[in-house]
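Structure assessment
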Amino acid sequence: MSTPFAEPFAVIGQAALYNADCLEWLAEREPKSIHGVVTDPPYGLVEYSPTQQAKLRNGRGGVWRLPPSFDGHKRSPLPRFTTLTDDDLGQLACFFGRWAKALMPVLVPGAHVFVASNPLVSHLVAGAICDAGFERRGEIVRLVMTMRGGDRPKNAHDEFPDVTVMPRSGWEPWLLFRKPLEGRVQDNLRNWGTGGLRRCSSERPFADVIRSAPTRSAERRLAPHPSLKPQAFLREVVRSVLPLGQGTVLDPFAGSGSTLAAAEAVGYSSIGVERDLDYADMAVSAIRRLRDYGPPASGPESNSGSASK
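Residues numbered from 1 in each chain as written. Predicted model: local features only at pLDDT ≥ 70, side-chain atom pairs only at ≥ 80, totals over all residues. Heavy atoms only, no water.

1. Topic: the overall build of the protein
Looking only at helices and strands, one finds nine helices and 11 strands in the protein. The buried share of the protein, taken over its 309 residues, is 51%. (Helix = DSSP H or I, 4+ residues; strand = E, 2+ residues; numbered from the N terminus. Buried < 20%, exposed > 50% of the residue type's maximum accessible area, 1.4 Å probe, protein only.)

This is the structure:
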C-alpha cells in the first residue's frame, strides 16, 4: 500500500507496530485484512490526553490517582473514572462510535473484537459499538481484585464507619463483539477462518470467566505502562480470537505492546497501533521481554484452560 502508514515503526517477530492515530491508520488499511481484535483502550480518553499524561509522568496525578506505597512497594496509578463529566462521557461514546465505524471495513466477516472496559463506562462503549453494526456476543469476566472502590465517605470516615461509597471491585469486564457473518458459522469458517472462538481443548470451550491476578511487579518492570494487563490473561484471550489459529490480530491501542507480545507467545501474526511516541518506544523492547516472560497461570482452576498454542 502506498500510504503514510505503509512502513511500520518496528517489526518484532510476527508483530508489526505503527506509531499513528488509530482512526487515521484504520482509514488507510486494506479492507477485510484483520481477523480479530484484542484491545485495552483508554476507558475515558481524558486520562490519555497529552495534558493528563504529562501530569502522570511528572508524578502529579491529575485525573490519575496515585495510590500510596504498601509494604514498601510503589503501586500503579489508577484513572479516576468517577471524575468524568457528562460532557466527557458523551465524548467517550462519540469516540467509540467513530472508532467502531472505522474498524468495521478492515475486519473480515465473523471477526471477533475483545474490548477491555470498566463497569462505570462499559454500557456507553457497548452501545456505541453496537450502533456501528457489530453484534454483541457477551462479556468476558476477568476475576481480579483491584484497588477501585470500597472507601468510606471522604472526610466523614468516623461519622459513617459502616458505609462504603461503592463496591470494592472484584472483576473487570471485557466486552465481546463480532462483525456479522457471511452465511452460517461453518460457511464463514471455511471462507474467512473466523466466526467462532478457539477452544481451550477438544474437551473445553473458551469460557466467559477467567480467574486472573493483578499484573505482577516483575512484569511491570518489563513494560512500565500504567494500564498493563498480565500476559497470563492476555494469552488466553488472544489465543481464542482466531478460531483456526490463522490470521492477523490487531490492537489499535497498543500501549506497551502487551497484546502483540501475547500474540507472539501463542504464535500469531499481529499488528499494533500506538499514538503516543513514548509508549511506542517502550513497546519496541517490551514486546520481546513480555513475549519471553513465563507468567504463572491466570489463577487456580482458570475457566479458560491453558493458553499455550
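2. As for the nonpolar core
In terms of nonpolar packing, the biggest core is built from 37 residues, with Trp 25, Trp 99, Leu 103, Leu 107, Val 113, Phe 134 and Leu 250 touching the most fellow members. Residue assignment for this core shows that the elements contributing at least two residues are β2 (15-19), α1 (22-28), β3 (34-39), α3 (86-103), β6 (107-116), α4 (122-131), β8 (171-178) and β11 (269-274). Dropping the residues within four chain positions of it, Leu 107 is found in contact with Lys 32, Ile 34, Val 37, Val 113, Phe 134 and Lys 179. With 19 residues, the next largest nonpolar core counts Phe 206, Val 237, Leu 242 and Ala 262 among its residues. (Core = buried A, V, L, I, M, F, W, Y, C linked by side-chain atoms within 4.5 Å. Contact = heavy atoms within 4.5 Å.)

3. A closer look at unusual backbone geometry
Residue Lys 32 is not a glycine yet carries a positive backbone phi of 50 degrees. Secondary-structure assignment places Lys 32 in the loop between α1 and β3. Backbone geometry at Asn 155 places phi at a positive 65 degrees, although glycine is not the residue there.

4. Description of the packing of helix α8 (residues 258-266) against helix α9 (residues 277-291)
Relative to each other, α8 and α9 sit at 40 degrees, their axes nearing to 8 Å. Judged by the angle between their axes, α8 and α9 are oblique. Seen from above, α8 lies across α9 with right-handed handedness. Along its contact with α8, which presents Ser 258, Leu 260, Ala 261, Glu 264 and Ala 265, the element α9 presents Ile 287, Leu 290 and Arg 291. (Axes fitted to C-alpha atoms, helices over the stretch in contact; angles between N-to-C directions. Parallel < 35°, antiparallel > 145°, perpendicular 65-115°, else oblique. Left-handed = near helix turned anticlockwise from the far one by under 90°.)

5. Points about the pairing of β3
Burial of β3 is extensive: six of the six residues sit out of reach of the surface. Sheet analysis places β3 next to β6, joined by five bridges and oriented parallel. From the neighbouring strand, Val 37 faces β6, where its bridge partner is Val 113. Note that β3 and strand β10 (residues 248-251) share two bridges and pair parallel. The partner of Gly 36 across the bridge, within β10, is Val 249. (Pairing = 2+ DSSP bridges.)

6. Some words on the pairing of β6
Counting buried residues along β6, 10 of its 10 residues qualify, which places the element largely inside the surrounding structure. Across five bridges, β6 lies against β8 in antiparallel orientation. The residue bridging Phe 114 from the neighbouring strand is Leu 176, located in β8.

7. Notes on the sheet that holds β6
Reading across from one edge, β1-β2-β11-β10-β3-β6-β8-β7-β9 is the order of the nine strands in this open sheet, with mixed pairing throughout. This sheet does not close on itself; its edge strands, each paired only once, are β1 (10-12) and β9 (209-211). Between one strand and the next, the sheet's axes are offset by a mean angle of 20 degrees, whatever the strand orientation. Across the sheet, α4 lies against β6, β7 (135-143) and β8, angled at about 5 degrees from β8, the strand it touches most. Sitting on the sheet, helix α5 (residues 185-192) is in contact with β3, β6 and β8, with an inclination near 100 degrees to β6.

8. Comments concerning the side chain of Arg 29
The residue Arg 29 is located in the loop between α1 and β3 in this model. Within the buried core, Arg 29 has no salt-bridge partner, and the shortest N-O distance to an opposite charge, that of Glu 30, equals 5.7 Å. Engagement of the side chain of Arg 29 in a polar contact is seen with the side chain of Ser 33, the distance being 2.9 Å. (Lys, Arg positive; Asp, Glu negative; His and termini not counted. Salt bridge = Lys/Arg side-chain N within 4 Å of Asp/Glu carboxyl O. Polar contact = N/O pair within 3.5 Å; in protein donor to acceptor, adjacent residues only side chain to side chain.)

9. Some remarks on the confidence of the model for the protein
It should be kept in mind that the predicted coordinates are not to be read in detail where pLDDT is low. Per-residue confidence for the protein averages 86 on the pLDDT scale, and 81% of its residues sit at or above 70. In the predicted structure, residues 63-79 sits below a pLDDT of 50 and forms 40 contacts with residues beyond four places in sequence or in another chain. Under a pLDDT of 50 for its full length, residues 299-309 has, in the predicted model, 30 contacts with residues more than four places off or in other chains. (pLDDT = per-residue confidence, 0-100.)

10. Observations regarding the pattern of salt bridges
Pairing of side chains with opposite charge becomes possible as their charged atoms draw close. Scanning the model with the defined rule gives 11 salt bridges in all. Here Glu 182 and Lys 32 are joined by a salt bridge, their closest N and O atoms 3.7 Å apart. Of this pair, Glu 182 sits in the loop between β8 and α5 while Lys 32 sits in the loop between α1 and β3; the two residues are 150 residues apart in sequence, bridging distant segments of the chain. Looking at Glu 182, the relative accessible area reads 38%, which means it is partly exposed.

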